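Here are the chains, one letter per residue:
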Amino acid sequence: MPDISRKRIRRATIIYWLMLFYIISALAWWFISLQKQSRLLADYKLMQLSATLDDASSPFSYQEGYKAILADKRTDSIKHLSEGLFFLALIIIAAVFVFRSVRRQFKLQQQQQNFMMAVTHELKTPISVARLNLETMQKYSLDPEKQKRLIRTTLEEISRLNFLTNNILTASQLEGGGYQFSMEDLDLSDLLKDCLQDFRNRFPERIFSEQIMAGADVKGDPLLLQILINNLLENAIKYSPKESPIEAALKKTDSIIELKIADEGPGIPDHEKKKIFTKFYRIGSETTRKAKGTGLGLYLCSKIAADHNADISVTNNHPLGSSFVVRFFI
Ligand code: ADP
């Protein structure tokens, strides 16, 4: 986190605690003053009562008067205490609410900064690589093998760029309500097979296993569902070792179609399993942070799943890694 943000958070935290301390002290002071006042009033009334002892015509006995004054004092104390406690509870509820929303705001701001940095980096790298490759081919007459290699890496970089811009555009369109859904009857089995084939071509060194039931028909937007599958496959590639296999499965029951993408990477700690679906969230662990990313992929997946009457979750894969499951309720 940049130094300026850290300083701002520290300053805001100090002001917050000082304000809270001041408000609670003022409340305590108010309570003590009221108690003092009611004690003085009771003393004054007792003095007046003693004076009436000399007055033989008074209809009240001293004992009755004394009891009434003490009862009044006790009622006042209970009233002040309950009012004080009520205000204290209100102050604490408000303080917790403010604290949590400010902290959430700071976190989001920090994640947005990280996202901007990541996006800038992710956009610049493929552009520079593609430019360098094209310039090399323009300047030198390379042998066909070298030329082929340069073209392949350029295409890879362009497809990464395409993937990233698609994610950003789709996320912002889905959020802003500007996305034109084209819901149609489609065969999820075919779509998954096509995506897998695309990944096999892009990553010929990786092992993909598949168990795909035929005829898993859903009503959905083909482009969005392709983005969902691609994000899960892209993560499985990104976060698992090169030599480990990636499993894709699709099965269907009467009411549910279940799509699973599992890998044998580092897995996801239990306390992060829900958070990874929030916008811009990236796990802070060094193993996963080394990989490039923006923290937008799984957020987009959960949004797409919700738009297709589906839910998405992650569990531990066995013996290791993570297993992402999307369940379509049909
Ligand atoms: P990105 O991959 O661009 O960082 P995502 O939203 O796709 O963003 O994922 C959020 C975080 O969840 C990632 O930063 C990573 O830490 C974690 N994650 C996602 N998929 C996996 C996976 N298959 N294995 C381990 N960690 C994962």
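Use the structure listed above.
Residues numbered from 1 in each chain as written. Predicted model: local features only at pLDDT ≥ 70, side-chain atom pairs only at ≥ 80, totals over all residues. Heavy atoms only, no water.

K.L.:
Sorry if this is basic, but what is going on with the site of the ligand here?
P.N.:
Near the ligand lie 19 residues; those nearest to it are Tyr239, Asp263, Arg282, Thr294 and Leu298. Here an oxygen atom of the ligand sits 2.5 Å away from a polar atom, N or O, in the side chain of Arg282. Ser322 places a side-chain nitrogen or oxygen 3.3 Å from a nitrogen atom of the ligand. At the level of secondary structure, the elements contributing two or more residues to the shell around the ligand comprise α5 (222-238), α7 (297-307) and β7 (322-329). (Near = heavy atom within 4 Å. Polar contact = N/O pair within 3.5 Å; in protein donor to acceptor, adjacent residues only side chain to side chain. Helix = DSSP H or I, 4+ residues; strand = E, 2+ residues; numbered from the N terminus.)

K.L.:
Explanation requested: helix α3 (residues 144-176) in the structure shown.
P.N.:
In an α-helix, one turn spans 3.6 residues; hence positions three or four apart end up facing the same way. For α3, built from 33 residues, the straight-helix expectation of 48 Å at 1.5 Å per residue is met to within 8% by its first-to-last C-alpha distance of 47 Å. Considering only its buried residues, α3 is in contact with α2 (62-139), α5 and α7. Phi for Gly177, located one or two positions after α3, is positive at around 75°. (Expected span 1.5 Å × (residues − 1). Contact = heavy atoms within 4.5 Å.)

K.L.:
Honestly, the packing of α3 against α5 in this entry has me stumped. Any pointers?
P.N.:
The relative placement of two packed helices is expressed as an angle between their axes plus a distance between the axes. The geometry of α3 relative to α5 is characterised by a closest axis approach of 11 Å and an angle of 130° between their N-to-C directions. One finds that α3 runs oblique with respect to α5. Note that α3 runs across α5; the crossing there is left-handed. Along its contact with α3, which presents Phe163, Asn167, Thr170 and Leu174, the element α5 presents Leu224, Ile227, Asn230, Asn231 and Glu234. (Axes fitted to C-alpha atoms, helices over the stretch in contact; angles between N-to-C directions. Parallel < 35°, antiparallel > 145°, perpendicular 65-115°, else oblique. Left-handed = near helix turned anticlockwise from the far one by under 90°.)

K.L.:
Can you help me understand a positive patch on the surface in this one?
P.N.:
Taken together, the side chains of Arg6, Lys7, Arg8, Arg10 and Arg11 make up a positively charged region of the molecular surface. Within the fold, Arg10 resides in helix α1 (residues 3-53). Judged by its relative accessible area of 51%, Arg10 falls in the exposed class. (Patch = residues over 30% accessible without salt bridge, like charges linked within 9 Å, V, L, I, M, F, W, Y side chains within 5 Å. Areas by Shrake-Rupley, 256 points an atom, 1.4 Å probe, with all protein chains shown as cover. Salt bridge = Lys/Arg side-chain N within 4 Å of Asp/Glu carboxyl O. Lys, Arg positive; Asp, Glu negative; His and termini not counted. Charge placed at Lys NZ, Arg CZ, Asp CG, Glu CD. Buried < 20%, exposed > 50% of the residue type's maximum accessible area, 1.4 Å probe, protein only.)

K.L.:
How do you make sense of a nonpolar patch on the surface when you look at a structure like this?
P.N.:
Taken together, the side chains of Ile15, Met19, Tyr22 and Ile23 define a hydrophobic patch exposed on the protein surface, amounting to about 420 Å² of accessible area. On the accessibility criterion, Ile23 (35% relative accessible area) is partly exposed.

K.L.:
Can you walk me through the nonpolar core in this structure?
P.N.:
A general trend in soluble globular proteins is that nonpolar side chains are found buried together. Within the largest apolar cluster, 51 residues are counted, with the highest numbers of intra-cluster contacts made by Leu188, Leu228, Leu232, Ile276, Val326 and Phe328. The biggest single contributor to this core is α5, with nine residues. Ile276 has contacts with Ile268, Tyr281, Ile283, Leu298, Tyr299, Val314 and Phe324, leaving out every residue within four places of it along the chain. Counting residues in each nonpolar core, the second largest holds five residues, with Tyr16, Leu27, Ile91 and Ala95 among its members. (Core = buried A, V, L, I, M, F, W, Y, C linked by side-chain atoms within 4.5 Å.)

Just geometry here; none of it tells us what the structure is for.
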